[in-house]
Amino acid sequence: MPELILHHYGTSPFSEKVRIAFGIKQLAWHSVTIPVIMPKPDLMPLTGGYRKTPVLQIGADIYCDSQVILRELDRRYPNPPLGTGTLAEGFAFWSDHPLFSAAVATAFGIMGEHLPDAFFADRAAFSGRSLDRSKLKMQAAVMQGPLRAHLGWAENSLRDGRAFLLGDAPGLADLALYHPVWFVRDRAKSDALADLPLLNAWADRIAAFGHGTRHDMTGSAALAVALAAQPAADTRGVAPNALGLKPGQRVSVTPDDTGRDATIGELVALDQQSVTIRREAPECGLVHVHFPRAGFILAPAA
C-alpha cells in the first residue's frame with residue numbers, strides 16, 4: 001500500500017486532528033513540514049493553489065481538508081473505525097467552523113503579541129479581513145463566552161462516565177472536538193478551560209493516543225514520490241448534478257470560508273460527499289486532487 005505523507009506543521013490545529021487519527025489507528029506515516037505562511041513552494045504543485053493545512057498525499061493522490069483525509073484513512077485502514085460518513089461528520093463541521101473560530105480568537109488573545117508581522121499579513125490575506133493586533137485581547141474576551149458555551153455541552157455529556165464523546169471508543173467526534181481544545185489548552189497555554197475537569201480528563205485521554213509512527217521526509221522527496229506514481233483509478237464517475245458538469249470538464253474548487261484560492265483542473269469524479277479533479281505540474285506530474293463537497297464551492301472554470 002502506498003505510503004502516507006502528511007504535509008503539515010507542528011502548531012496547526014487541523015494537523016493535530018489528523019496526527020491523533022494516526023495514533024488511534026497506530027499508523028506509520030511520513031512527515032513533510034511546510035511553512036506556516038506563504039509561500040509554500042513544495043506544496044503548491046501538488047494542490048494547484050489550495051493553501052490550507054494539512055494535506056495528505058498517497059502516491060499521486062492528494063487529499064485536501066481533514067474531512068476527506070479522515071474518510072480516506074477509514075477506507076484504507078478501517079480498524080478501528082472513526083465513524084466517517086455518519087452524522088459525526090456534521091458534528092465535525094460544527095467544530096471546524098463556529099467552535100474553531102471561537103477557539104482561534106481565544107488563543108490569539110494570548111499568542112498574538114508574540115506573533116511576527118509577517119504572520120498577521122499572511123492571515124489577513126488568508127481570512128480576507130484585516131487583523132488588528134491591538135484588538136486581539138478584547139476579541140478573545142468576547143469570544144471566550146461562546147467558546148465555553150460550546151464546550152460546556154461536551155462537559156455535560158461526559159458526566160455520565162463515558163470515556164469518549166459518543167461512547168466507549170474514540171472516533172471522529174472526539175477528533176473534531178479535540179483540535180480546538182488542544183489549540184486553546186495546549187498550544188496557547190490558556191486557563192480558559194481549567195474549570196472543565198471532565199473535558200480536560202477527556203482531552204488527556206485523546207492526547208495519550210499519540211501520533212503513530214512518524215518518519216521525516218523533505219518536500220522535494222514527496223514531489224518525487226508523486227512524479228514516480230500514477231493516481232489510483234477512480235470508478236465513481238460523475239453523478240448527475242445541478243450544474244450539469246461532465247467528466248473531463250474544467251472546473252474550479254474553492255474553500256467557501258478562508259483561504260479562497262481556487263484549484264482548477266479536469267473533473268474526474270463527483271458524488272454527494274467529494275469531488276476529484278485531475279491536474280498536472282512539472283514538479284509532480286499527473287495528480288488527482290480530492291476535496292469535500294461541504295465547505296467548498298465547485299463551479300465550471302472560465
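All figures in this text were calculated on a predicted structure; none of them were measured in a lab.

How should the layout of surface pockets be read in this particular structure?
Vacant regions in the atomic arrangement are exposed by a probe of water-molecule size rolled over the atoms. Taken as a whole, the largest pocket holds about 1,300 Å³ of empty space. What lines the largest pocket is a set of 47 residues, among which Phe-100, Val-104, Arg-123, Phe-126 and Thr-258 lie closest to the centre. Listing elements by their share of the lining of the largest pocket, those giving two or more residues are helix H1 (13-25), helix H3 (66-76), helix H4 (88-111), helix H5 (117-127), helix H6 (136-157) and helix H7 (172-187). The element contributing the most residues to the lining of the largest pocket is H4, with 10 residues. Classifying every residue of the lining of the largest pocket by side-chain character gives 24 nonpolar, 12 polar and 11 charged. In this structure, the second largest pocket spans a volume of roughly 370 Å³. Considering the residues around the second largest pocket, the lining is formed by 17 residues, among which Glu-72, Arg-75, Asp-234, Arg-236 and His-290 are closest to the centre. Among the elements of the structure, strand E4 (61-64), H3 and strand E8 (274-281) are those that each provide at least two residues to the lining of the second largest pocket. The biggest single contributor to the lining of the second largest pocket is H3, with five residues. Residue composition of the lining of the second largest pocket, by class: four nonpolar, five polar and eight charged.

Explanation requested: the sheet that holds E4 in the structure shown.
Backbone-to-backbone hydrogen bonds pair the strands of a sheet. The strands run either parallel or antiparallel. Strands sit in the order E5-E2-E1-E3-E4-E9-E8-E7-E6-E10 across an open sheet of 10 strands; the sheet is mixed. A strand with exactly one partner marks an edge of an open sheet, and here the two such strands are strand E5 (213-216) and strand E10 (296-300). Between one strand axis and the next, the sheet turns by 35 degrees as a mean value, whatever way the strands run.

Rules behind the numbers
Residues numbered from 1 in each chain as written. Predicted model: local features only at pLDDT ≥ 70, side-chain atom pairs only at ≥ 80, totals over all residues. Heavy atoms only, no water. 1 Å grid on protein atoms, 1.4 Å probe; cavity = no way out; pocket = protein on both sides within 12 Å on 5 of 7 lines; lining within 4 Å. Points joined across faces, edges and corners; volume = space filled by probe spheres on them. Helix = DSSP H or I, 4+ residues; strand = E, 2+ residues; numbered from the N terminus. Nonpolar A, V, L, I, M, F, W, Y, C, P; charged D, E, K, R; others polar. Pairing = 2+ DSSP bridges. Axes fitted to C-alpha atoms, helices over the stretch in contact; angles between N-to-C directions.

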